[in-house]
Amino acid sequence: MKKNILVNENDCTLVLAKGFAKKAFSYGTKEYRMLQECRKDYPTYTVEVRSISKNPTQDHYKGLTYKNMEKYIKSHDNAEENLVIFNNKKEIAEMHSECKRYGTIKNWFLETYPEVKKFGMPKDEETEENNNVIEADFAEDTDEVA
C-alpha cells in the first residue's frame, strides 16, 4: 500500500509523496480532491512534499561503469588475473537481486584499485599550504634597520 499523504502530528504538517503532489496540485484530479478532504480534517496543518534526505558524505564515482572498470583493469600489469575475477564476480552478481549487483562489483574494484578513489580529489591541504606559503621574518625592533 502506497502512503500518498502522511499526517505528521508532531510538526502539524501533511506530507505528500512527490508523484502524488504533482497530481494533487492539478485542479479537479482525484488526488486534488483527496488532498482537499484531508485539509478539511486538518485545517491548520501545512502541506509539504516529501523529499529524500541525501548523505553529503557519500562518495559518488560518476562514470564508473562495468565497461570503464574493464578498460582500467586492462591497463594494468595483472590484467588477466583481475579480469577473470571481475568477470566471475559479474556472473555471480547476475544471480542475485539487481540492486546488489553493481555495488558488490564496485566495492571489489575500489578495494583492488584504491587509487581510483583518489582520482580527481583535491590535494592534501597540508601539502597545498606548504607550496603556497612564503615565510618572512620581520624584525620587531626598528633600531636594527638603521
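What you see is a predicted model, and the numbers here were worked out from it, not measured in a lab.

Participant: Please clarify how the overall build of the protein should be interpreted in this entry.
Facilitator: Counting its secondary structure elements, the protein contains 7 helices and 3 strands. A total of 146 residues make up the protein; the buried ones form 19% of that total. The long-range fraction of contacts in the protein, counting pairs at least 24 apart against all pairs at least 6 apart in sequence, stands at 55%. When the accessible surface of the protein is summed, it comes to about 12700 Å², and 50% of that surface belongs to carbon and sulfur atoms.

Participant: What exactly am I supposed to notice about a nonpolar patch on the surface here?
Facilitator: On the surface, a cluster of nonpolar side chains totalling about 250 Å² of accessible area is made up of F25, V47 and V49. Looking at where V47 falls in the secondary structure, it is placed in strand β3 (residues 46-49).

Participant: Honestly, the nonpolar core in this entry has me stumped. Any pointers?
Facilitator: Soluble globular proteins tend to bury their nonpolar side chains together. With 13 residues, the main nonpolar core has L64, M69, I73, F86, F109 and L110 as its most contacted residues. Contributions of two or more residues to this core are made by α3 (66-74), α4 (79-94) and α5 (98-112). With 4 residues, the top contributor of residues to this core is α5. In this view, F86 contacts Y66, M69, E70, I73, I105 and W108; residues no more than four positions away in its chain are not counted. Of all hydrophobic cores here, the second largest spans 6 residues; its members include F20, A21, A24 and L35.

Participant: In this structure, what is going on with helix α2 (residues 30-41)? I would like to understand it.
Facilitator: An α-helical turn contains 3.6 residues, so a residue and the one three or four places further along point in the same direction. Compared with the 16 Å implied by 1.5 Å per residue over 12 residues, the 17 Å span of α2 between its first and last C-alpha is a close match. Looking only at α2, the buried set comprises E31, L35 and C38. Taken down its axis, α2 places every buried residue within 65 degrees of arc, on the same side. Structural note: α2 exposes K30, E37 and K40 on the side pointing more than 90 degrees away from its buried face.

Participant: How should I be thinking about the pattern of salt bridges in this particular structure?
Facilitator: When the charged atoms of two side chains lie near each other, side chains of opposite charge can form a pair. As enumerated under the stated definition, the model contains 1 salt bridge in all. Among the ionic pairs, K74 bridges to E70, the shortest N-O distance being 3.5 Å. With K74 and E70 both in helix α3, this residue pair falls 4 residues apart, about one helical turn.

Participant: Looking at this structure, how should I read unusual backbone geometry?
Facilitator: Residues other than glycine predominantly adopt negative phi, and peptide bonds predominantly adopt the trans conformation. One non-glycine residue with positive phi stands out, namely C12, at about 55 degrees. Of note, C12 is situated in the loop between β1 (5-8) and β2 (13-16). Overall, the relative accessible area of 35% leaves C12 in the partly exposed class.

About the criteria used
Residues numbered from 1 in each chain as written. Predicted model: local features only at pLDDT ≥ 70, side-chain atom pairs only at ≥ 80, totals over all residues. Heavy atoms only, no water. Helix = DSSP H or I, 4+ residues; strand = E, 2+ residues; numbered from the N terminus. Buried < 20%, exposed > 50% of the residue type's maximum accessible area, 1.4 Å probe, protein only. Contact = heavy atoms within 4.5 Å. Areas by Shrake-Rupley, 256 points an atom, 1.4 Å probe, with all protein chains shown as cover. Patch = residues over 30% accessible without salt bridge, like charges linked within 9 Å, V, L, I, M, F, W, Y side chains within 5 Å. Salt bridge = Lys/Arg side-chain N within 4 Å of Asp/Glu carboxyl O. Core = buried A, V, L, I, M, F, W, Y, C linked by side-chain atoms within 4.5 Å. Expected span 1.5 Å × (residues − 1). Arc of directions from axis to C-beta.

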